[in-house]
Amino acid sequence: QVHLVESGGGLVQAGGSLRLSCAASGRTFSSYVMGWFRRPPGKEREFVASIIWSGGIAYCADSVKGRFTISRDNAKNTVYLQMNSLKPEDSAHYYCAARLITVANWEYWGQGTQVTVSS
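Residues numbered from 1 in each chain as written. Predicted model: local features only at pLDDT ≥ 70, side-chain atom pairs only at ≥ 80, totals over all residues. Heavy atoms only, no water.

Participant: Quick one: what's the story with the sheet that holds strand E8 (residues 78-83), residue by residue and with numbers?
Facilitator: Spatial strand order, E1-E3-E8-E7: four strands in an open sheet with antiparallel pairing. Each edge of the open sheet is held by one strand with a lone partner, namely strand E1 (3-7) and strand E7 (68-73). Averaged over neighbouring strand pairs, the angle between their axes works out to 15 degrees when direction is ignored. Bridge count between E1 and strand E3 (residues 18-25): five bridges; the pairing is antiparallel. Considered in E3, the bridge of Leu4 is made with Ala24. (Pairing = 2+ DSSP bridges. Helix = DSSP H or I, 4+ residues; strand = E, 2+ residues; numbered from the N terminus. Axes fitted to C-alpha atoms, helices over the stretch in contact; angles between N-to-C directions.)

Participant: Help me get a handle on the pattern of salt bridges, residues and values and all.
Facilitator: Counting across every chain of the model gives four salt bridges. For Glu46, the salt bridge identified is with Arg38, shortest N-O distance 2.6 Å. Accessibility expressed as a relative area gives 4% for Arg38, which makes it buried. Its salt-bridge partner being Asp90, residue Arg38 comes within 2.9 Å of it at the nearest N-O pair. You can see Arg38 sitting in strand E4 (residues 32-39) and its partner Asp90 sitting in the loop between E8 and strand E9 (92-100), a full 52 residues away along the chain. For the pair Arg38 and Asp90, one class covers both residues: buried. (Salt bridge = Lys/Arg side-chain N within 4 Å of Asp/Glu carboxyl O. Buried < 20%, exposed > 50% of the residue type's maximum accessible area, 1.4 Å probe, protein only.)

Participant: Which residues make up the state of the cysteines, and what values go with them?
Facilitator: Under the counting rule described, the total for this entry stands at one disulfide. Between the sulfur atoms of Cys22 and its disulfide mate Cys96 the distance is 2.1 Å. The S-S bond linking Cys22 to Cys96 shows a torsion near -75 degrees; that makes this disulfide left-handed. With Cys22 in strand E3 and Cys96 in strand E9, this pair connects stretches of sequence that are 74 residues apart. Residue Cys22 shares its accessibility class with Cys96, and that shared class is buried. For Cys60, which is in no disulfide, the shortest distance to another cysteine sulfur is to Cys96 and amounts to 14 Å. (Disulfide = S-S within 2.5 Å.)

Participant: Break down unusual backbone geometry for me, citing the residues and quoting the values.
Facilitator: The phi torsion at Asn77 lies on the positive side, around 50 degrees, for a residue other than glycine. Topologically, Asn77 is positioned in the loop between E7 and E8. The class of Asn77 is partly exposed, set by a relative accessible area of 24%. Its identity as a non-glycine residue notwithstanding, Ser85 has a phi of 50 degrees, on the positive side. Assignment of secondary structure puts Ser85 in the loop between E8 and E9. Given a relative accessible area of 41%, Ser85 falls into the partly exposed group.

In structure tokens:
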């Protein structure tokens, strides 16, 4: 059973930084893609970033490119989302997700962590 636990959310002023963590357990993730999604208040969930666990190839949404960085630590089985130059519109509930490289749908989700950026 895959288990994803997010942490690191909180309240920050605009222009500040936060680092989200996603601790993954339950299996070996070398064949997985790990992702971060967010759901702003009153809006649909949206893709933020993803990383292929094996090889570390990463992708970011245009809205966060240049400000957010996704990375992973193999030894700790943890995925990170470093968020810099935060804007009020980045306020959302952030979720970690995982899927096999060969599968299109995101199969596993964490409970999420709240990020609030004040202006």
